[in-house]
Amino acid sequence: MKKLILAMAAATLAAVATQAAAQPSAQDDTTIQIVGTAEAFCTLPSSWQFASSSSNVSASQFNGNTWTIPAALVADSSGNAVSSSADVSIRVRGQAACNTTHIITLTSANGGLAHAASAGDPPAGFTRLRRMTYDANWRDTSWGIFNWIPSSPGASISYDHGAQVPPGNHEFEIKMGLLRDPANAPMVAGTYTDQLIITVSVPS
Amino acid sequence: MLHRLKSVMAAVALLALPGAAQAQSASAGIDLSSTVYGACGLGTPDASVLDLHDLTGPDGLLDPAKLGSAVLATATIADAWCNSPHSLSLQSTAMTLQRTVPYAQPAYMARRVTFDAKLIGWPFTATIRPHNDNDLFTIDINSPYAAPAPGLRLQISKLQTLNPGGAEQAGLMLESGNYLGTVTIILAAN
């Protein structure tokens, strides 16, 4: 009988131990992460539309990506530079986008409206450059570059948007103005050009 | 557990035989009792991170290919079971921009993306579409169940941007950066 009691005790202990070891957690869980990325990006208009101008400039002067400034606004029939404070400007715009901070850079190829043919050998006693003023900004905001007057070929200027809210889908505007400062000499005949390059870059 | 129980029973039988031989006119009964508790088990998923890669199209909005019902990513859990009535829960957080932004969220941009997280392979297909942190969906199942091969599958589809108020709104541009959401699968014995 004693042996039986011992056996029962062993069985009881064994059963208790079995219960303890076999009791798994009543609950189990696992977590799966879902990840993705929104790439930083900015776009500029693929084409620009006329928006507004000074009274002496018309929409028809803007075609494609070129503003053709009437010769009479630059020099008179005698070749003398027109000197006037009257505004000569045009504003164009198009749809752009940016989802992050960014840097807007303007570069003027000629540093103003310049007689490109004489760039390497400017004739003495003539004027071969009219200054230009440029704006490049997100429409109806202060985000951008205003009243920039390039002073030399290849000159550039930048605007850093910093930690401000991104513009999202937003129109982007360019305003170009001809400054008609007094000149002390007649202008060289020929074609005057500048190329304004607008860059919106995302910091790496 | 069954194996261990068998071992115990064998030991009891061996110990009890000599006693029975000595007491010819006596009998003794031994009652054995044990319990199998309700429990659930989930194996390790074959993928703990489901990478949806670039969420955006060239216009900065959600990639149209990610808006529909096409499955974008799947994780499989081969070993899932509950040995008793139980509950299945999905707890999920919407995909959220992971960088700190020093300005209030503009109405035209999104910092959160919801998705369908559909769990199939259980008696009921469970789907959660989180708009917040730790949204919860729970369903009770009145029987044991073990997922047949290939097991439980968590499928992600139907992304959509959330506006600052947490409502789904198409056409919002995503702020740049990395996004992270979670889905936690919970099996709990009742």
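Each value, and the rule that gives it
Residues numbered from 1 in each chain as written. Chains lettered and ligands numbered in written order. Predicted model: local features only at pLDDT ≥ 70, side-chain atom pairs only at ≥ 80, totals over all residues. Helix = DSSP H or I, 4+ residues; strand = E, 2+ residues; numbered from the N terminus. Buried ≥ 20, exposed ≤ 12 C-beta atoms within 10 Å, placed from the backbone. Contact = placed C-beta atoms within 7 Å. pLDDT = per-residue confidence, 0-100. Core = buried A, V, L, I, M, F, W, Y, C linked by C-beta atoms within 7 Å. Pairing = 2+ DSSP bridges. Axes fitted to C-alpha atoms, helices over the stretch in contact; angles between N-to-C directions.

Caption draft 1: Structural view of the overall build of chain B. Helix and strand counts for chain B come out as one helix and 13 strands. When its helices and strands are written in sequence order, chain B yields α-β-β-β-β-β-β-β-β-β-β-β-β-β. The burial tally for chain B puts 31% of its 190 residues in the buried class. Put simply, of all contacts in chain B between residues at least 6 apart along the chain, 79% involve residues at least 24 apart.

Caption draft 2: Up close: the confidence of the model for chain B. Residues and elements named next belong to chain B. On average, residues of chain B carry a pLDDT of 89, and 88% of them reach 70 or more. Predicted confidence is poor over residues 1-17, with pLDDT under 50, and the contacts of this stretch with residues over four places away or in other chains come to 21 contacts. Under the prediction, the complex receives an ipTM of 0.84, its pTM being 0.81.

Caption draft 3: Just the nonpolar core, in detail. Judged by nonpolar contacts, the single largest core of 70 residues is most densely connected at B:Leu55, B:Val113 and B:Leu154. Not counting the four nearest positions on each side in its chain, B:Leu55 is found in contact with A:Gly36, A:Thr37, A:Ala38, B:Leu62, B:Asp63, B:Lys66, B:Val113, B:Leu159, B:Leu174 and B:Tyr179.

Caption draft 4: Focus on the sheet that holds strand β15 (residues 196-201) of chain A. All names here are of chain A. A sheet is described by the order of its strands in space; here three strands give the open sequence β12-β7-β15, paired in antiparallel fashion. Of all the strands in the sheet, just β12 (155-160) and β15 have a single pairing partner and so form its edges. Averaged over all pairs of adjacent strands, the angle between strand axes in this sheet comes to 15 degrees, irrespective of strand direction. As judged from the six bridges shared by strand β7 (residues 103-108) and β12, these two strands associate in the antiparallel manner. In the sheet register, Ser-108 faces β12, and the bridge partner there is Ala-155.

Caption draft 5: Layout of unusual backbone geometry. Here the bond from B:Ala149 into B:Pro150 is cis, since omega is 10 degrees, no more than 30 degrees from zero. Tracing the backbone shows B:Pro150 in the loop between β10 (145-146) and β11 (152-162). Unusually for a residue other than glycine, A:Asn147 sits at a positive phi of about 55 degrees. Inspection of the secondary structure puts A:Asn147 in strand β11 (residues 144-148). With a phi angle near 55 degrees, B:Lys158 is a residue other than glycine that sits in the positive phi range.

Caption draft 6: Representation of the sheet that holds strand β4 (residues 80-82) of chain B within the structure. Residues and elements named next belong to chain B. Spatial ordering of the open sheet is given by β1-β4-β10, a layout of three strands whose pairing is antiparallel. Looking at which strands have only one partner, the edges of the open sheet turn out to be β1 (40-42) and β10. Bridge analysis of β1 against β4 gives three bridges, and the strand direction is antiparallel. Note that in β4 the partner of Cys-40 across the bridge is Cys-82.

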